[in-house]
Amino acid sequence: MADKTSNQMWGGRFAAGPDAIMEAINASIGYDKRMAAQDIAGSKAHAAMLAATGIITDSDASAMKEGLDSVLAEIEGGNFAFSAALEDIHMNVEARLKEVIGAPAGRLHTGRSRNDQVATDFKLWVRDQLDAIEGALVALMRALVAQADAGADWVMPGFTHLQVAQPVTWGHHMMAYVEMFGRDLSRIRDARARMNECPLGSAALAGTSFPIDRDMTAQALGFDRPTANSLDAVSDRDFALEFLGAASICAMHLSRMAEELVIWSSAQFRFVSLSDRFSTGSSIMPQKKNPDAAELIRAKIGRIFGANVALMMVMKGLPLAYSKDMQEDKEQVFDAADNLMLALAAMEGMVRDMSANRDVLEAAAATGFSTATDLADWLVRVLGMPFRDAHHVTGTLVALAERQGCDLPDLTLEDMQGVHGAITQDVFDVLGVHNSVASRVSYGGTAPENVRAQVARWQEVLG
């Protein structure tokens, strides 16, 4: 029965249907059925255009629309029997449409090919994912802004090489991720604008001799314009690659933040407490609270990176126009989209629920001679010392504090003057961590007033 159905759809080209191996390697219905809604939307727009241009009758177009709506309802209701023998979502829908409305279904494919059909479906699907990711990014950024607003003046250690460097504010650290995810948001929006051209009507590769109206179908499907070159339109997967590229950079940012949450929630740091909703316990150690959501985000990112490389490898050697290799374009994109959306949702939940341990952050900010740079800057600013000389004096004072087992603010004035006699009592005004962060008022700096200004700016941007 499968052979007969396959032969009918191919117009009698083969004397016998493909064997089980060929059917398995050739069929894509197992995954491209996810594009059913996009495929039917494209077919409805195409049918309306065919009627408007007089290529088919209005009655045929009406039957097609009603039949396609019926098929979509079956699919969405879980009542549709997908067939691997029919290879893909396009042939499955068309075959079922014929069963529903009869002869008019055979006219639906006039003026198009599966090549432009799949390109259109895939673009519509990717566009929907870009819209969903935009919403998820905005939600995550709002959660980060809320954290920054609450802790605009909470001091914490800033790190380089994961070593204590200088004091910063909790709000400043949260807003760093807002900037990162803001660039992701820009890339997502940019990718959507660039890919929003409609391939439908490019047919197999050369266009069609039928008097179709490509502007009409483009407009009906929400595209800005039709694609300008039929060869390029059916063989282009840049939109999918750009989606994966933007997704990979966003995923990298998520992984970096996940790593920090794993570190910060550890018993050694205790910078943050994660909610029970995004943590698990140990099967044997009752005291443990594991940051599993953060760890799984960190791991899932590899799948998104892998999808990006995989599709690059599929496309890198293909001549124009369409090749069957391009059937391997979807599974990677589907998987990457699923995992990115899941990672964004999990990170947004963790950020909204987590509590920063303010006292622990402040205590940690005061360790590791974190105000050494403030001391060096004071020597330059107040005593007029060349920075390299100030660096040397500060290093000597750090070594003295290490020997005494204390931090820089705990040294006496006599201790400091023993290293450089011109140092005065005023130096202690810059050595506290609160004084340090308050002094960093340069644009983009960590001062609480700067953080609050950036919070207000992003609140307005995000709405």
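Use the structure listed above.
These numbers were taken from a predicted model, which means no experiment stands behind them.

How each quantity is defined
Residues numbered from 1 in each chain as written. Predicted model: local features only at pLDDT ≥ 70, side-chain atom pairs only at ≥ 80, totals over all residues. Heavy atoms only, no water. Helix = DSSP H or I, 4+ residues; strand = E, 2+ residues; numbered from the N terminus. Rg over C-alpha atoms; globule rule 2.2 N^0.38 Å. Buried < 20%, exposed > 50% of the residue type's maximum accessible area, 1.4 Å probe, protein only. Contact = heavy atoms within 4.5 Å. Areas by Shrake-Rupley, 256 points an atom, 1.4 Å probe, with all protein chains shown as cover. Lys, Arg positive; Asp, Glu negative; His and termini not counted. Charge placed at Lys NZ, Arg CZ, Asp CG, Glu CD. Phe/Tyr/Trp six-rings, centres within 6.5 Å; stacked < 30°, edge-to-face > 60°. Lys NZ or Arg CZ within 6 Å of the ring centre and 35° of its normal. Expected span 1.5 Å × (residues − 1). Polar contact = N/O pair within 3.5 Å; in protein donor to acceptor, adjacent residues only side chain to side chain. Axes fitted to C-alpha atoms, helices over the stretch in contact; angles between N-to-C directions. Parallel < 35°, antiparallel > 145°, perpendicular 65-115°, else oblique. Left-handed = near helix turned anticlockwise from the far one by under 90°. Nonpolar A, V, L, I, M, F, W, Y, C, P; charged D, E, K, R; others polar. Salt bridge = Lys/Arg side-chain N within 4 Å of Asp/Glu carboxyl O.

J.: Now, about the overall build of the chain: what can you tell me, with residues and values included?
T.: When helices and strands are tallied, the chain shows 19 helices and 8 strands. For a compact globule of 463 residues, the expected C-alpha radius of gyration is about 23 Å, and the chain comes in at 31 Å, more than 25% above that figure. Principal-axis analysis of the C-alpha atoms gives the chain an extent of 100 × 50 × 40 Å. The buried share among the 463 residues of the chain stands at 50%. Within the chain, contacts between residues at least 6 apart in sequence are counted, and of these 74% link residues at least 24 apart. Approximately 21200 Å² of the chain is accessible, and the part contributed by carbon and sulfur atoms is 53%. Positive and negative charge centroids in the chain, built from 41 and 60 side chains respectively, lie 3 Å apart.

J.: For the environment of Met252, give the residues involved together with the corresponding values.
T.: Secondary-structure assignment places Met252 in helix α11 (residues 238–264). A residue is classified by how much of its surface remains accessible, and Met252, at 31% relative accessible area, is partly exposed. With 56 residues separating them along the chain, Met252 and Asn308 place their C-alpha atoms 13 Å apart. Excluding its chain neighbours within four sequence positions, the residues that come into contact with Met252 are Ile301 and Phe305.

J.: Before we move on, could you go through the packing of aromatic side chains and cite the residues and values that matter?
T.: Scanning the entire structure with this criterion turns up 10 aromatic pairs. Ring centres 6.3 Å apart and planes at 50 degrees place the aromatic pair Phe159 and Phe269 in the tilted group. Pair noted here: Phe159 is in strand β1 (residues 155–160) and Phe269 is in the loop between α11 and β5 (272–273), with a separation of 110 residues, a long-range link. Using a relative accessible area of 23% as the deciding quantity, one classes Phe269 as partly exposed. Ring plane angle 45 degrees and centroid distance 6.3 Å describe the contact between Trp264 and Phe271, whose orientation is recorded as tilted. An identical accessibility class is assigned to Trp264 and Phe271; each is buried. Aromatic ring contacts, followed pair by pair, group Phe159, Trp170, Trp264, Phe269 and Phe271 into a single cluster. The ring of Phe334 has Arg34 sitting right over it, with the charged end atom 5.0 Å from the ring centre. It is Arg127 that lies over the ring of Phe223; its NZ or CZ is 4.8 Å from the centre.

J.: Quick rundown of helix α6 (residues 89–101)? Include the residues and the values.
T.: Along its 13 residues, α6 runs 18 Å from first to last C-alpha, staying within 8% of the 18 Å computed at 1.5 Å per residue. For α6, the full list of buried residues reads Ile89, His90, Met91, Asn92, Val93, Glu94, Ala95 and Leu97. Its side-chain oxygen at 3.1 Å from the backbone nitrogen of His90, Asp88 defines the N-terminal cap of α6. Phi turns positive one or two residues past the end of α6, at Gly102, with a value near 80 degrees.

J.: I'd like a description of the side chain of Ser43, backed by residues and values.
T.: Among the secondary structure elements, Ser43 is positioned in helix α4 (residues 36–52). Take Ser43: its relative accessible area is 1%, and that puts it in the buried class. Non-local contacts of Ser43, meaning those with residues more than four positions away in its chain, are made with Leu68, Leu108, Arg112 and Gln117.

J.: Break down unusual backbone geometry for me, with residues and values.
T.: At the junction of Leu320 and Ala321, the peptide bond is cis and its omega measures out at 5 degrees in the coordinates. As for its position among the elements, Ala321 is in the loop between α12 (292–315) and α13 (330–353). Unlike most non-glycine residues, Ala203 shows phi in positive territory, near 60 degrees. One can find Ala203 in the loop between β3 (197–198) and α9 (214–220). Residue class for Ala203 comes out buried when judged on its relative accessible area of 7%. Of note, the phi angle at Arg270 is positive, near 55 degrees, even though the residue is not glycine.

J.: Which residues make up the side chain of His253, and what values go with them?
T.: Along the polypeptide, His253 turns up in helix α11. Accessibility expressed as a relative area gives 5% for His253, which makes it buried. When sequence neighbours within four positions are dropped, the list of residues in contact with His253 reads Tyr177, Met180, Phe181, Arg183, Asp184 and Arg187.

J.: So what's going on with the packing of helix α7 (residues 114–150) against α13? Residues and values would help.
T.: Between α7 and α13, the shortest axis-to-axis distance is 9 Å and the interhelical angle comes to 15 degrees. In terms of their interaxial angle, α7 and α13 are classed as roughly parallel. Judged by the sense of rotation from one axis to the other, the crossing of α7 with α13 is left-handed. A breakdown of the residues in the contact of α7 with α13 according to their chemical character gives 20 nonpolar, 2 polar and 4 charged.

J.: Any details on the pattern of salt bridges? Residues and values, ideally.
T.: Per the stated rule, a full pass over the model turns up 24 salt bridges. A salt bridge links Arg194 to Asp190, with the nearest nitrogen and oxygen atoms 2.7 Å apart. Here Arg194 pairs with Asp190, and both are found in helix α8 (residues 170–195), just 4 residues apart, close to one helical turn. A salt bridge links Glu242 to Arg194; the shortest N-O distance between them is 2.4 Å. Of this pair, Glu242 sits in helix α11 while Arg194 sits in helix α8, and the two are 48 residues apart along the sequence. For Arg194, a relative accessible area of 45% puts it in the partly exposed group. By sharing partners, the salt bridges in this structure join Lys44, Lys65 and Asp69 into a single network.

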